[in-house]
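Structure at a glance
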Amino acid sequence: MRIGILNCGGDCPGLNAVIHGVVGAADQLGWEVIGFRDGFEGLLPPGDFTMLRPQDTIGIVKQGGTILGTTNKGHFAAKVGEGDIAEVPPETVARAKRTMDQLEISALIIVGGDGSLTTGLQLYREGWPIIGVPKTIDNDLSATAMTFGFDSAITTVVDGLDRLHTTGASHKRVMVLEVMGRHAGWIALWGGMAGAADVVLLPEIPFDLQKVADFIKKRDALSYHSTLVVVAEGAKMPEGGLVTVDDNHGGEVRLGGIGEQVARRLSELTGKDTRATILGHLQRGGAPTSLDRILGQRFGVMAVSLARDGMFGRMVSYQAYHVDSVPIEEAVSQLRLVTPESEMVKAARAVGICLGD
Ligand code: F6P
């Protein structure tokens, strides 16, 4: 038996741990593993791939990025915008299938987010032996309580906030940190709460900057002269909506810049000195945390179990400390967003975090 693995979309700390898990578990079954480079692109003839033996994955668990390379562009992009699904053209699917057949791949493990798994679902429906592994630092995939990479991302947010805290306090400034999260505010909410932010602005909860300014003034009156604000890149400015740096990025807009706008507005409304920092791809790079190293390996091992049992069309899923699986379509039907009435949001409010509403 020979199985294939590819990762697609943005990279994510823990991808190499998944590869290590897949290769180790497959080896125990006496199977070969082929890793395709740069996502689905590696499937296009003549094929860009490498054999992955256990000795090829020694030491990669602790490495960020992915040894296979990845892309969020190319011939297989299934989602070109929010809710805008494009099918992969039949001729592209047929060309990729030739590589699968020539290499006699009997299961293809796709480690990806919403877009890559949507492609995976199309291929599965066309008869491919697909198994999905959820991947996104944004943690916005349905049908899994957590994806690997998220913990590493929020650890970077917390480190950033800890640093902004000391400089902000020294200068009595309002420090705004813009974090990732295209559609969902999980990184902002978890990172903000763990990093003791005072204000957290999310895509899911419309905010009013006058309310945030009043909150900052109240803190000033109580002698808390510095305020830490976390804003998700996908949050919408009350007047103006999403803030983008580039509207023509292969179909998906590139978000960025809301931190600067929030900082400028808060300075006008409070008269305080404000500074903005964009954490950006620091959240995606670097070594995975212990949790992501373990989750990644467990996901990889579960993907091989699914292949062994012929459970194609399923995605590995993490639920209540247990790794299991669900149909891929459950994961891609809709994004998992922060629910304003959830216990987590209530807890954030209870500890005094202002959500701007
Ligand atoms: O979806 C993950 C993510 O990190 C988003 O949070 C962010 O908007 C996007 O990827 C950035 O993508 P790129 O690496 O193409 O700039």
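Notes on the structure follow. All of these numbers come straight from a predicted model, not from anything done at the bench.

Things to note about the packing of aromatic side chains
- Within this structure, the stated rule accounts for 4 aromatic pairs.
- Between F36 and F49, the aromatic rings sit 6.0 Å apart at their centres with planes inclined by 65°, giving edge-to-face as the arrangement. Residue F36 is located in strand β2 (residues 32-36), and its partner F49 is located in strand β3 (residues 49-51); the two are separated by 13 residues in the primary sequence.
- Since its relative accessible area comes to 29%, F49 is described here as partly exposed.
- Ring centres of F40 and F76 lie 5.1 Å apart, and the angle between their planes is 25°; on these two criteria the pair is classed as stacked. With F40 in the loop between β2 and β3 and F76 in the loop between β3 and β4 (79-81), the pair connects residues that are 36 residues apart, well separated along the chain.
- Given the relative accessible area of 2%, F40 is considered buried.
- Across from the ring centre of W186, 4.4 Å away, lies the NZ or CZ of R336, which sits over that ring.

Side note on the sheet that holds strand β9 (residues 199-201)
- The 4 strands are arranged β9-β10-β8-β13 in an open sheet whose pairing can be described as parallel. Every interior strand has two partners, whereas the edge strands, β9 and β13 (274-278), have only one. Within this sheet the neighbouring strands show an average axis-to-axis angle of 15°, counted without direction.
- Where strand β8 (residues 174-179) meets β13, 5 bridges bridge the pair, whose relative direction is parallel. The residue bridging M175 from the neighbouring strand is R275, located in β13.
- Taken strand by strand, helix α6 (residues 209-221) contacts β8, β9 and β10 (227-232), and its axis lies near 170° from that of β9.
- Across the sheet, helix α7 (residues 258-270) is in contact with β8, β9, β10 and β13; its angle to β13 comes to roughly 170°.

Conventions adopted
- Residues numbered from 1 in each chain as written.
- Predicted model: local features only at pLDDT ≥ 70, side-chain atom pairs only at ≥ 80, totals over all residues.
- Heavy atoms only, no water.
- Phe/Tyr/Trp six-rings, centres within 6.5 Å; stacked < 30°, edge-to-face > 60°.
- Helix = DSSP H or I, 4+ residues; strand = E, 2+ residues; numbered from the N terminus.
- Buried < 20%, exposed > 50% of the residue type's maximum accessible area, 1.4 Å probe, protein only.
- Lys NZ or Arg CZ within 6 Å of the ring centre and 35° of its normal.
- Pairing = 2+ DSSP bridges.
- Axes fitted to C-alpha atoms, helices over the stretch in contact; angles between N-to-C directions.
- Contact = heavy atoms within 4.5 Å.

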